[in-house]
Amino acid sequence: MAATPHVLVVGGGLAGLVAARHLAGGGVDVTLLERRETVGGRVRTVECDGYRFDRGFQVLFTAYPAVQRELDLEALDLHRFAPGATIAGPDGRTVLADPLWDPGTIPATLSNPAVSVGDALRIARLWWVLRRTDPETILDTGTDETIRAYLEERGFSDRFIDEFVAPFYGGITLDRSLSTSSRIFEYTFRTLAAGEIAVPAAGMGAIPAQLADRVRDVDATIETDVSVQSITTSGSDSSGSHGPVTVETDTGTVEADAVVVATDPPTARELTGVDAIPTEARGCVTQYYALPVGVDLETDRRLLLNATERGPNHIVPHSAVAPTYVPDGTTLISATYLGPREESDGDLADLTRRTLESWYPTQAFDGLDVLHTERVPFAQFAQPPGVRERLPDVRDPDGPVYLAGDYMRWSSIQGAMASGRQAAKAVIDDLSAARDG
């Protein structure tokens, strides 16, 4: 082994960037290979004609432990959503807010027909309990069941579950049926109780851009437009204590003492042969629009949730939350549809227009202008109850090859960043053991 071990990181998403930074910080010679022109993986922002369009519905939970550890939040110039949501349906629009953050919303929240007094008390109790729970223990303890079963067992009303939780957690988990693991619900609920939802002024793409700067600051190398085709180990065992590893790319052959595979799940499974990597996808379609002049959705920086299953799951008032997303004087919103959706972009826009007209019968949406459409077939992996017990281990591939990605923990920015740090530690520990042995 060379005096300074050389490690390749395959994939420049959040997990790969965090892994590269910690590897280089640990004294390893690191090269990160990314197949696209820019890093970021699923966290990207497209800039066009003064607009910023994130790749699908993406937000940052400020209380995620890995977010606080890996990012300079002040430098991202975060723009925050107002807590709670506006719930829209056939009976009109109502506000469900967090009175702890905004006491002025107490009357509107208590008069919301989707939230009974009992529901409000149960929310408060859940907030109190989970706020005092160590987030590192939530995902691995307690009974795991569907979110719907978890809420029903605790006495929440059907209307509250169907009209608020289903669209709100439909946005978080891309699963409006609430068949996702209740541990994911508890973790995110606890995170929301402890922090805020925000976006960077320059779009969600500013997050990987900041991480990439930190990778370069520790003298690691980032190479883009390089596609890895195969990874072969030679003379290695499952502990990862020997090498080298041969990596074939579309630009040539590279050898390394270890490789961290931090690609999307299907690619990671193909490169490593680890069958435990989950590949059942949750997708979405997010469409961006400029509102007609004079139209006001009156959401006050809150998400607009669809109480029914007809139309988009939710609508985001981007320019109200972050004016930096738009040219001056423009009102930007987006509508997110869950699943792959076979409708054309035009048909989805028509459905959004009709939905808004039903929610705002006194306003005209004839001039709703479609600006951009993002179809994301693999936004998350499916996370039913018990999924954590089936996920792969960082050292599951043969030889000195390691895994990093949100699929190692749970589908989120938190999961991706935490897995990158975990993979870097595993590599450094094994390289140190091999050197000392």
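A.B. asks: Pulling in residues and values, what's your account of the overall build of the protein?
C.D. replies: Check the secondary structure of the protein and you find 14 helices and 20 strands. Seen through its principal axes, the protein has C-alpha atoms that stretch 70 × 50 × 40 Å. For the protein, the proportion of its 437 residues judged to be buried stands at 55%. In the protein, of all internal contacts separated by at least 6 residues, the share reaching a separation of at least 24 is 71%. With the model as given, the accessible surface of the protein reaches about 17900 Å², and the carbon-plus-sulfur share is 48%.

A.B. asks: Describe helix H13 (residues 345-359), and please don't skip the residues or the numbers.
C.D. replies: Helix length check: H13, at 15 residues, gives a terminal C-alpha distance of 21 Å against a target of 21 Å (1.5 Å per residue), a fit within 8%. Buried within H13 we find Leu348, Ala349, Leu351, Thr352, Arg353, Thr355, Leu356 and Trp359.

A.B. asks: Any chance you could break down the pairing of strand E8 (residues 92-96) for me, citing the residues and the numbers?
C.D. replies: Bridge count between strand E7 (residues 85-89) and E8: five bridges; the pairing is antiparallel. Bridge pairing in E8 links Thr86 to Val95. Between the end of E7 and the start of E8, which pair antiparallel, lie two residues.

A.B. asks: Go over the sheet that holds strand E12 (residues 245-249) with me, naming the residues and quoting the values.
C.D. replies: Taking strand neighbours across the sheet as the criterion, the three strands line up as E11-E12-E13 in an open arrangement whose pairing is antiparallel. Two strands close off the open sheet at either side, each with one partner strand: strand E11 (228-233) and strand E13 (252-256). Across the sheet, the mean angle from the axis of one strand to that of its neighbour is 20°, orientation sign disregarded. Sheet topology note: the E11/E12 ladder contains five bridges and is antiparallel. By the bridge assignment for E12, Ser230 is matched with Glu248.

A.B. asks: Before we move on, could you go through the sheet that holds E8 and cite the residues and values that matter?
C.D. replies: Taking strand neighbours across the sheet as the criterion, the seven strands line up as E8-E7-E16-E17-E18-E15-E19 in an open arrangement whose pairing is mixed. The open sheet has two edge strands with one neighbour each: E8 and strand E19 (369-381). Between one strand axis and the next, the sheet turns by 25° as a mean value, whatever way the strands run. One ladder, built from two bridges, connects strand E16 (residues 303-306) with strand E17 (residues 314-316); its direction is antiparallel. Its bridge partner being in E17, Leu304 is matched across the sheet by Ile315.

A.B. asks: Give a detailed account of the side chain of Ser411, specifying residues and quantitative values.
C.D. replies: Following the sequence through the fold, Ser411 ends up in the loop between strand E20 (401-403) and helix H14 (413-436). According to the relative accessible area criterion, Ser411 is buried, its value standing at 6%. A polar contact is formed between the side chain of Ser411 and the side chain of Asp406, at a distance of 3.2 Å. When near neighbours in sequence (up to four residues on either side) are disregarded, Ser411 contacts Arg42, Ala379, Gln380, Phe381, Gln383 and Asp406.

A.B. asks: Give me the lowdown on the environment of Thr233, citing residues and values where you can.
C.D. replies: For Thr233, the position within the fold is in strand E11. Linking Thr233 and Val326, residues 93 residues apart in sequence, is a C-alpha distance of 49 Å. Discounting chain neighbours no more than four positions away, the residues touching Thr233 are Pro244, Val245, Asp398, Gly399, Pro400 and Val401.

A.B. asks: Tell me about the packing of helix H1 (residues 14-25) against helix H10 (residues 206-217), and please be specific about residues and values.
C.D. replies: The geometry of H1 relative to H10 is characterised by a closest axis approach of 9 Å and an angle of 20° between their N-to-C directions. One finds that H1 runs roughly parallel with respect to H10. Along this stretch, H1 crosses H10, giving a crossing that reads as left-handed. In this structure, H1 contributes Leu14, Leu17, Val18, Ala20 and Arg21 to the contact, and H10 contributes Ile207, Pro208, Leu211, Ala212, Arg214 and Val215. Across the contact of H1 with H10, the residue classes tally to nine nonpolar, no polar and two charged.

A.B. asks: For the confidence of the model for the protein, give the residues involved together with the corresponding values.
C.D. replies: Averaged over all residues, the pLDDT of the protein is 93; the fraction at 70 or higher stands at 94%. Note that pLDDT drops below 50 for residues 236-242; the model gives that stretch 19 contacts with residues more than four away or on any other chain.

A.B. asks: So what about the pattern of salt bridges? Which residues, and what values?
C.D. replies: For the structure shown, the criterion picks out 23 salt bridges. The partner of Arg122 in a salt bridge is Asp119, with the nearest N and O atoms 3.8 Å apart. Here Arg122 pairs with Asp119, and both are found in helix H5 (residues 117-131), just three residues apart, close to one helical turn. For Asp119, a relative accessible area of 0% puts it in the buried group. Salt-bridge contacts for Arg341 lead to Glu343; the nearest nitrogen and oxygen are separated by 2.7 Å. You can call Glu343 partly exposed: its relative accessible area is 28%. One continuous salt-bridge network, built from bridges that share partners, spans Arg21, Arg69, Glu70 and Arg421.

So, how was this worked out
Residues numbered from 1 in each chain as written. Predicted model: local features only at pLDDT ≥ 70, side-chain atom pairs only at ≥ 80, totals over all residues. Heavy atoms only, no water. Helix = DSSP H or I, 4+ residues; strand = E, 2+ residues; numbered from the N terminus. Buried < 20%, exposed > 50% of the residue type's maximum accessible area, 1.4 Å probe, protein only. Contact = heavy atoms within 4.5 Å. Areas by Shrake-Rupley, 256 points an atom, 1.4 Å probe, with all protein chains shown as cover. Expected span 1.5 Å × (residues − 1). Pairing = 2+ DSSP bridges. Axes fitted to C-alpha atoms, helices over the stretch in contact; angles between N-to-C directions. Polar contact = N/O pair within 3.5 Å; in protein donor to acceptor, adjacent residues only side chain to side chain. Parallel < 35°, antiparallel > 145°, perpendicular 65-115°, else oblique. Left-handed = near helix turned anticlockwise from the far one by under 90°. Nonpolar A, V, L, I, M, F, W, Y, C, P; charged D, E, K, R; others polar. pLDDT = per-residue confidence, 0-100. Salt bridge = Lys/Arg side-chain N within 4 Å of Asp/Glu carboxyl O.

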